[in-house]
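Descriptive analysis of the structure
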Amino acid sequence: MTTQELHDLDRRCINTLRTLAIDQVQQANSGHPGTPMGAAPTAYCLWQRFMRFDPEDAAWPDRDRFVLSVGHASALLYGLLHLCGVRAATSLDPTREGLAVSMADLQSFRQAGSRCTGHPEHGWTTGVETTTGPLGQGLATSVGMAIAQLWLAATYNRPGFTLFEHRVFALAGDGDMMEGLSAEAASLAGHLKLGRLCWIYDSNHISIEGSTAITFTENVGARFSACGWQVLQVVDANDIEATTLALRTFEGTDDRPTLIIVHSHIGYGAPHKQDSAAAHGEPLGVNETCGAKAFYGFDPDASFAVPDGVREHFQDHFGRRGTGAHDAWRARFAAYRAQYPHLAKQIDQMQRRELPDAWDAVLPLFAADAKGLATRDASGQVLNAIAAHVPWLLGGAADLAPSTKTTLNFDFAGAFEPPSPAGRNFHFGIREHAMCAAASGMALSGLRPFAASFFVFTDYARGAIRLASMMGLPVIYVWTHDSIAMGEDGPTHQPVEQLASFRAMPGMVTLRPADANEVVAAWRVVMALRDQPASLVLSRQALPTLDRSRYASANGLARGAYVLADAHNGPPEVLLLASGSEVALCIAAYEQLKHEGVNARVVSMPSWDLFERQDERYREQVLPEAVQARVSVEAASALGWDRYVGRHGEIIAMRSFGLSAPGKVVEKQFGFDVGNVLAAARRQLVRHGSVMLG
């Protein structure tokens, strides 16, 4: 084939990507055609000439990652997956059949059941490396993927056995660059010198409201240079030779991440909508579609056309390169397994989200102690005991590890920094959002990350946490300083509504343990999760370690709620319900009521979502419907507690923000003391006819 013939074939493939994107959006009457039309040459160049990705197995551990951060351009990714022949089945999920994205999927873009959703969704469409929607998320998640690559290489590569050398590419747009999250992530990536990370910025200068000149006039390249990135420019997106040169420059750079700014035209080829906001977020329309296809040299009346030779060309380059690289990797890993069987087993377990044998053999047991310790302190002890036996359990805090007690302090933990990329303590800096998005990228690469901060600062990271829950990633979140009891820092730092919001998040396992032994039980639950994130909500202040010879075992936590202390002389007359630090208040009230001859029951409710999964019989055993006298106690929003106390129960909760004062003063100010719990219990007993006030 002559040079000109190859050039013509490249152009035909690029225009096929464009027309497939146009047709997907046009048929759905919904979507974003403009960015795929402008960015198609860039994506084609990357996939066809550089990506190491086996279309037969999209779960190959050392594949290059491609993240479409500009998620509204999803039609471009679906066209690539279809034309490249990526299979739905993977080594981790062999049950699927056929193509990851069939022609029928393309033709049902944005419709129920299609693998071509409005924005890419990991776990639903094979080949989609991460769910992207809110702009900036894909970029920050890609930083976590690049962190994982560097850690895996430093931990598992051996002389003659390079198992992890993949690159991470992310395609972004103007909106990604405007989001603060991308700035956080870029700063972190530059500091960590992530040399195998490449962001490609499709700069078309158009957003929904019009030209970006009305909002976005900064020098993006200068910003990234200041963050320690290599910055390259491609003047014309249609010049794939220039893009090739830029990507080769990236390949030759290993001491810093690379940003390639590619200047493109949104809606390229549309006769009237090119370079306009009209090409951004709505179908082109019939006339404009026909005009664009004619400009590309395609039949204006043909829809979803794939010219002869296009699929074969992708197979000859993208397919053959990826399959060959994977075959070589398999052979290398087989030899590695023979020489390093223990390490190979760890890699297998990571990929399958399994745990090593005896991972929980040395968990601490906490003796009864009226003074007790903060649940954050207990968590730190448990985390270290587990991490010493789970080599890929790693993470850190947003500059708060000493406060969240998440430092791994065993001798071989180390710190993840450019000179020591096998370290397991991560310093994310005061970048809560980037930290949580990076943790998702690490989880997507097989690691078991934890991320920590004060509970109130989850407001700064909600977008990334929500996507982790949507993807079913087993990220472990450690949130401390969980209530108004943190005291003097005042209402800006005292979480009130956060607990209710986490309970409302589908898929999130939220646990607020009551004492040190419930913390141990909570970590057992968390580590067993394979397809859900978990949030451990922990106290700053010391909580009594309950005497489990007098009260029920903390293992009841695994069922979400359990009877901690029960009536001894017949059925209970009043139920006292609480989570976390307020359970101790209920125990103290229970003992006083018991002394007065009242049959009370204390129910510890550390995880509503786990409790709701239990069968009706168990839930009735814990919260018998016949007992209407009920009091709930929790130093957070009252939202949701009516589900458990009923219309006529009493809820001791926060109905305002907190107060700057010592913790005990704040708790008493808002009614979180034993006297108030007793008074509420007595009112309930009177209301429901159990006893009279004495």
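Here, the structure is the one placed above.
The following refers to the structure shown. Remember, predicted model here, so these are calculated numbers, not experimental data.

**As for the overall build of the protein**
Within the protein, the regular secondary structure consists of 24 helices and 20 strands. Here the protein has a C-alpha radius of gyration of 28 Å; the compact-globule value for 694 residues is 26 Å, and the two agree. In terms of principal-axis extent, the alpha carbons of the protein reach across some 100 × 60 × 45 Å. For the protein, buried positions account for 61% of its 694 residues. Taking contacts inside the protein between residues at least 6 apart in sequence as the whole, the part at least 24 apart equals 76%. Of the roughly 25600 Å² of accessible surface on the protein, 52% is carried by carbon and sulfur atoms. Computed over 59 positive and 72 negative side-chain charges, the inter-centroid distance for the protein is 5 Å.

**Describing the layout of surface pockets**
Volume-wise, the largest pocket comes out at about 760 Å³. Secondary structure elements with two or more residues in the lining of the largest pocket: helix 12 (341-351) and helix 15 (432-444). Here the lining of the largest pocket is composed, by residue class, of 14 nonpolar, eleven polar and nine charged.

**What about the sheet that holds strand 18 (residues 600-604)?**
One open sheet holds the five strands; their spatial order is 16-18-17-19-20, and the pairing between them is mixed. Edge positions in the open sheet fall to strand 16 (562-565) and strand 20 (650-654), since each of these has one partner strand only. Across the sheet, the axes of successive neighbouring strands diverge by a mean angle of 25°, strand direction being ignored. Inspection of the sheet shows strand 17 (residues 574-578) paired to strand 19 (residues 630-637) by four bridges, in the parallel sense. Directly across from Leu-576, in strand 19, lies its bridge partner Val-631. Strands strand 17, strand 19 and strand 20 of the sheet are contacted by helix 24 (residues 674-687), whose axis makes an angle of about 150° with strand 20.

**Some remarks on the packing of helix 1 (residues 3-28) against helix 10 (residues 286-296)**
Orientation of helix 1 relative to helix 10, taken along the N-to-C sense of each, is 170°, at an axis distance of 10 Å. What the angle tells us is that helix 1 and helix 10 run roughly antiparallel. From helix 1, Asn-15, Arg-18, Thr-19, Ile-22, Asp-23 and Gln-26 reach across to helix 10, where they touch Val-286, Thr-289, Ala-292, Lys-293 and Tyr-296. Class assignment of the residues belonging to the contact of helix 1 with helix 10 gives a composition of four nonpolar, four polar and three charged.

**What about empty space enclosed by the protein?**
Scanning all chains against the criterion turns up one cavity of 30 Å³ or more. Around the largest cavity, the lining is made up of 15 residues, and of these Arg-353, Glu-354, Trp-392, Arg-448 and Pro-474 lie nearest the centre. Broken down by class, the residue content of the lining of the largest cavity amounts to nine nonpolar, two polar and four charged.

**Description of the pattern of salt bridges**
Here the structure, examined in full by the defined rule, presents 30 salt bridges. Across the pair Glu-241 and Arg-49 runs a salt bridge, and its minimum N-O distance is 3.1 Å. A residue pair is termed long-range when its members are at least 10 positions apart, and Glu-241 in helix 9 (residues 240-251) and Arg-49 in helix 2 (residues 34-49) qualify at 192 residues. Of the residues examined, Glu-241 reaches a relative accessible area of 48% and is grouped as partly exposed. Asp-316 serves as the salt-bridge partner of Arg-320, at 3.5 Å between the closest nitrogen and oxygen. Taken together, the residues span about one helical turn, with Arg-320 and Asp-316 both in helix 11 (residues 310-339) at a distance of four residues.

**Concerning helix 12**
Those residues of helix 12 lying buried are Leu-343, Ala-344, Gln-346, Ile-347, Asp-348, Gln-349 and Met-350. Among the structural elements, helix 5 (137-156) and helix 11 are those in contact with the buried residues of helix 12. Arg-353 occupies a position one or two residues after helix 12 and carries a positive phi of about 55°.

**Let's talk about unusual backbone geometry**
Despite not being glycine, Lys-193 has its phi angle at roughly 55°, a positive value. Given a relative accessible area of 46%, Lys-193 falls into the partly exposed group. Positive phi is not limited to glycine here, since Asp-275 has a value of about 65°. Within the element layout of this structure, Asp-275 appears in the loop between strand 7 (258-263) and helix 10.

**Comments concerning the nonpolar core**
Core analysis: the biggest nonpolar cluster contains 120 residues, and Tyr-156, Met-177, Trp-199 and Trp-523 have the highest contact counts within it. Element by element, the count of residues in this core is highest for helix 5, at eleven residues. Contacts of Met-177, omitting those with residues within four sequence positions, involve Leu-139, Ala-172, Ser-182, Trp-199, Tyr-201, Phe-216, Val-220, Arg-223, Phe-224 and Leu-259. Counting 56 residues, the second-largest nonpolar core is a separate cluster that includes Cys-13, Val-25, Leu-76 and Val-101.

**What about the side chain of Asn-204?**
Summarising the element assignment, Asn-204 is placed in the loop between strand 3 (197-203) and strand 4 (206-207). There is a polar contact of 3.4 Å between the side chain of Asn-204 and the side chain of Asp-202. Among all residues touching Asn-204, those that are not within four sequence positions of it are Thr-35, Asp-174, Ser-264, His-265 and Ile-266.

Definitions and limits used
- Residues numbered from 1 in each chain as written.
- Predicted model: local features only at pLDDT ≥ 70, side-chain atom pairs only at ≥ 80, totals over all residues.
- Heavy atoms only, no water.
- Helix = DSSP H or I, 4+ residues; strand = E, 2+ residues; numbered from the N terminus.
- Rg over C-alpha atoms; globule rule 2.2 N^0.38 Å.
- Buried < 20%, exposed > 50% of the residue type's maximum accessible area, 1.4 Å probe, protein only.
- Contact = heavy atoms within 4.5 Å.
- Areas by Shrake-Rupley, 256 points an atom, 1.4 Å probe, with all protein chains shown as cover.
- Lys, Arg positive; Asp, Glu negative; His and termini not counted.
- Charge placed at Lys NZ, Arg CZ, Asp CG, Glu CD.
- 1 Å grid on protein atoms, 1.4 Å probe; cavity = no way out; pocket = protein on both sides within 12 Å on 5 of 7 lines; lining within 4 Å.
- Points joined across faces, edges and corners; volume = space filled by probe spheres on them.
- Nonpolar A, V, L, I, M, F, W, Y, C, P; charged D, E, K, R; others polar.
- Pairing = 2+ DSSP bridges.
- Axes fitted to C-alpha atoms, helices over the stretch in contact; angles between N-to-C directions.
- Parallel < 35°, antiparallel > 145°, perpendicular 65-115°, else oblique.
- Salt bridge = Lys/Arg side-chain N within 4 Å of Asp/Glu carboxyl O.
- Core = buried A, V, L, I, M, F, W, Y, C linked by side-chain atoms within 4.5 Å.
- Polar contact = N/O pair within 3.5 Å; in protein donor to acceptor, adjacent residues only side chain to side chain.

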